[in-house]
Structures are given as C-alpha cells and as structure tokens.
Amino acid sequence: MLLAADPSEVTRLNAWLDKTFDEAGVEESVRSCVKLCLNEAVTNVILYGMADRPDPVIEVDVEADPHMVISRISDNGTPFNPLEWPEKPAYTNLEEAVPGGFGIHLLRESASGLAYERDGEWNRLAITCGKSG
Amino acid sequence: MEIKQEELDSGIHKVTLAGSLDIAGANEIDLPFSVIAGKYDRVIVDLSGVTFLASMGVRVLVKSAKAQAGHHGKMVLVNPPEPARRVLESIGVDSIMPIVDTQAEAEALLS
C-alpha cells in the first residue's frame, strides 16, 4: 500500500494490517511484532525522513503466513539505516528522562530479522517477524 | 482513541484510555495529558483498553509524568495488556513510574 507522509496515515496502515493478518490467519505474537515494527519504522520516515521532499513516496507491502511475516518499506526520503542508529539507553530515573526516541530500539528489539539497503533514491527496509514453519 | 477522566472518592484523578496509542492516538491525547500533568498531583492511568502501544504513546505518558513530578505529583499506570507492558518494560518505563495490575494497588501507592 502507498502512504502519504502524514501521521494520520498510520491509522490506515494499521487497519490494512489487521485485515491482512485476519486473511492470512497470522498468530497473535507475530501480529503484535509486525504492527509495532511497522508503526515505528513508518512513523520515523514520516516525521524525520520527508522534511525536504516535494514528492514523498512511502510504500509498504507484507508477505504473510500464520507464523512469519516479512514486511518491506520503501521510501524516497533522507538516507537512513536504522541498523546503524545508536542505541538509546533505557530509562532509569524520571528526573533525567528525555521523552521519546525509542522507536528504533523497539524496532530492533522486536524484529527477528532486519535488512536495509540504499537503492539509488530509495531506502529499502525489510522486517521479519516470527519464524517459518 | 478514547480518553475518559473522573475523580475517585479518594481524590485521585483517574484517566482511562481505550483504543490504539499509535502516532495518531498519541497526538489526540497529547494536549489532554499536558493539562492533566499541570492540574493534578495524583493520577492513575488505566491502560487496560489500549489495543496497541507505540513509542509515540509512551512518549506522551513519560512527558506527562515528568511534568507532574516537577510539582511533586505522581502518575501510576494500571493494567496494561501484555504487548503494551512489554513495550513499557523494554524502554524502562517500569523504572521511572509504577506499573500495577489493579486500581486498588494504584490507589494504595498514591495514598
């Protein structure tokens, strides 16, 4: 599916994911993983990747079976490899806590596989949740 | 995203959230939570109806708890569904504010 670079599009993405998961009979733990990973990755692209793009394109597709889902996000935004993003330490005390900045942490922690490549003008991120078989 | 607010007999302010706390849901509760943080010292946030929690939703909760702590207030999170609890614990939210299973436990912590 194609998404506009607008935060409200994440609601449409989530509805599409629910429908796709229902059709493929995807198990609950895999659904949770895919939804979290895609929300974090797409939110990141929308908020930070498209600031200076006059023609933003974000495309998401998923290949789903009951035990494993491979999601692919392609966007023509600022080059960004989430695998190389520095880890933010978890919160330890409220006074020093800086709200936000954990999207990439959740993506990396939740996915069972991540692969990134820069392909010309495109970021291409593949996210695997679950295991085959 | 639904947000319901009420005053408990104990004088504690209770906020009940229901729906998806994705970026759109987080944007909807951002302003109400800024008001809550400034207005109330003791707040319970019931998360049992939250169907999905992303980092942007956590951001709103932490921002609000931090603002409350600035005037010696305290926020307690109650009964997050298991996927939401995993997100909260992964980020360390359980280290900076209490997460409990029942409203009674939350009220006891705020008494």
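Scroll up for the structure.
What counts, and where the lines are drawn
- Residues numbered from 1 in each chain as written.
- Chains lettered and ligands numbered in written order.
- Predicted model: local features only at pLDDT ≥ 70, side-chain atom pairs only at ≥ 80, totals over all residues.
- Helix = DSSP H or I, 4+ residues; strand = E, 2+ residues; numbered from the N terminus.
- Buried ≥ 20, exposed ≤ 12 C-beta atoms within 10 Å, placed from the backbone.
- Rg over C-alpha atoms; globule rule 2.2 N^0.38 Å.
- Contact = placed C-beta atoms within 7 Å.
- Nonpolar A, V, L, I, M, F, W, Y, C, P; charged D, E, K, R; others polar.
- Pairing = 2+ DSSP bridges.
- Axes fitted to C-alpha atoms, helices over the stretch in contact; angles between N-to-C directions.
- Left-handed = near helix turned anticlockwise from the far one by under 90°.
- Core = buried A, V, L, I, M, F, W, Y, C linked by C-beta atoms within 7 Å.
- Expected span 1.5 Å × (residues − 1).
- Bend = angle between axes of the 7 residues up to and from the residue.

## Observations concerning the overall build of chain B
When you go through chain B residue by residue, the secondary structure sums to five helices and five strands. On the principal axes, the C-alpha backbone points of chain B span a range of 30 × 25 × 25 Å. Out of the 111 residues belonging to chain B, those deemed buried represent 49%.

## A closer look at the overall build of chain A
Tallying secondary structure elements over chain A gives three helices and five strands in all. For chain A, the C-alpha radius of gyration of 15 Å lies close to 14 Å, the compact-globule estimate for 133 residues. Each principal axis of the C-alpha distribution contributes one length, and for chain A these read about 40 × 40 × 25 Å. Burial statistics for chain A: of 133 residues in total, 38% are counted as buried. Long-range pairs, those at least 24 residues apart, make up 69% of the contacts in chain A between residues at least 6 apart in sequence.

## Considerations on the interface of chain B and chain A
Across the contact, 25 residues belong to chain B and 24 residues belong to chain A. Listed by contribution, the elements that provide at least two residues to the side of chain B that touches chain A are helix H1 (23–39), helix H2 (55–69), helix H3 (82–91) and helix H4 (93–96) of chain B. Ranked by residues supplied to the side of chain B that touches chain A, first place goes to H2(B) with nine residues. Looking at side-chain class alone, the side of chain B that touches chain A contains 15 nonpolar, six polar and four charged residues.

## A look at the sheet that holds strand S2 (residues 58–64) of chain A
Residue and element names in this part refer to chain A. One open sheet accounts for five strands, arranged S1-S2-S3-S5-S4; its pairing is antiparallel. In this open sheet, the two edge strands, each paired with only one partner strand, are strand S1 (2–3) and strand S4 (113–119). Relative to strand S5 (residues 122–130), strand S3 (residues 68–75) runs antiparallel, the two sharing eight bridges. Opposite Arg72, over in S5, you have Ala126 as the bridge partner. Packing of helix H1 (residues 9–24) onto the sheet brings it into contact with S1 and S2, and relative to S2 it is tilted by some 15°. Across the sheet, helix H2 (residues 28–49) lies against S1, S2, S3 and S5, angled at about 5° from S3, the strand it touches most.

## Description of the packing of H2(A) against helix H3 (residues 103–110) of chain A
All names here are of chain A. It is the contact of H2 with H3, at a shortest axis distance of 9 Å, that shows an interaxial angle of 145°. For the element pair H2 and H3, the recorded crossing hand is left-handed. Contacts between H2 and H3 involve Cys33, Leu36, Cys37, Glu40, Ala41, Thr43 and Asn44 on the former and, on the latter, Gly103, Ile104, Leu106, Leu107 and Ser110. Across the contact of H2 with H3, the residue classes tally to seven nonpolar, four polar and one charged.

## Some thoughts on the environment of B:Ala26
Residues and elements named next belong to chain B. By secondary structure assignment, the location of Ala26 is in helix H1. Each C-alpha atom of the pair Ala26 and Arg59 lies 8.2 Å from the other, and the pair is 33 residues apart in sequence. Those residues in contact with Ala26, other than ones at most four positions away along the chain, are Leu21, Met56, Gly57, Arg59 and Val60.

## A few points about the pairing of S5(A)
All names here are of chain A. Direction of pairing for S4 relative to S5: antiparallel, over a ladder of seven bridges. Paired with Asp119 across the bridge in S5 is Trp122. If you look at the hairpin formed by S4 and S5, you'll find two residues sitting between the two strands, and Gly120 has a positive phi there, around 65°.

## Details of the nonpolar core
Ranked by size, the top nonpolar core spans 72 residues in total, and within it A:Val34, A:Cys37, A:Ala41, A:Val42, B:Val45 and B:Val58 carry the most contacts. With ten residues, H2(A) is the largest single contributor of residues to this core. Each residue touching A:Ala41, except ones within four places of it in the same chain, is listed here: A:Ile73, A:Pro82, A:Leu107, A:Leu125 and A:Ile127.

## Side note on H1(B)
Over its 17 residues, H1(B) runs 24 Å from end to end, which matches the ideal 24 Å to within 8%, given 1.5 Å per residue. Considering bend angle alone, the principal kink of H1(B) is centred on B:Asp30 and spans about 35°; proline B:Pro32 follows within four residues of it. Turning to H1(B), its buried residues are B:Ile23, B:Ala24, B:Gly25, B:Ala26, B:Ile29, B:Phe33, B:Ile36 and B:Ala37. Those residues of H1(B) that are buried are in contact with H1 and H2 of chain A together with strand S1 (2–7), strand S2 (13–21), strand S3 (42–53) and H2 of chain B.

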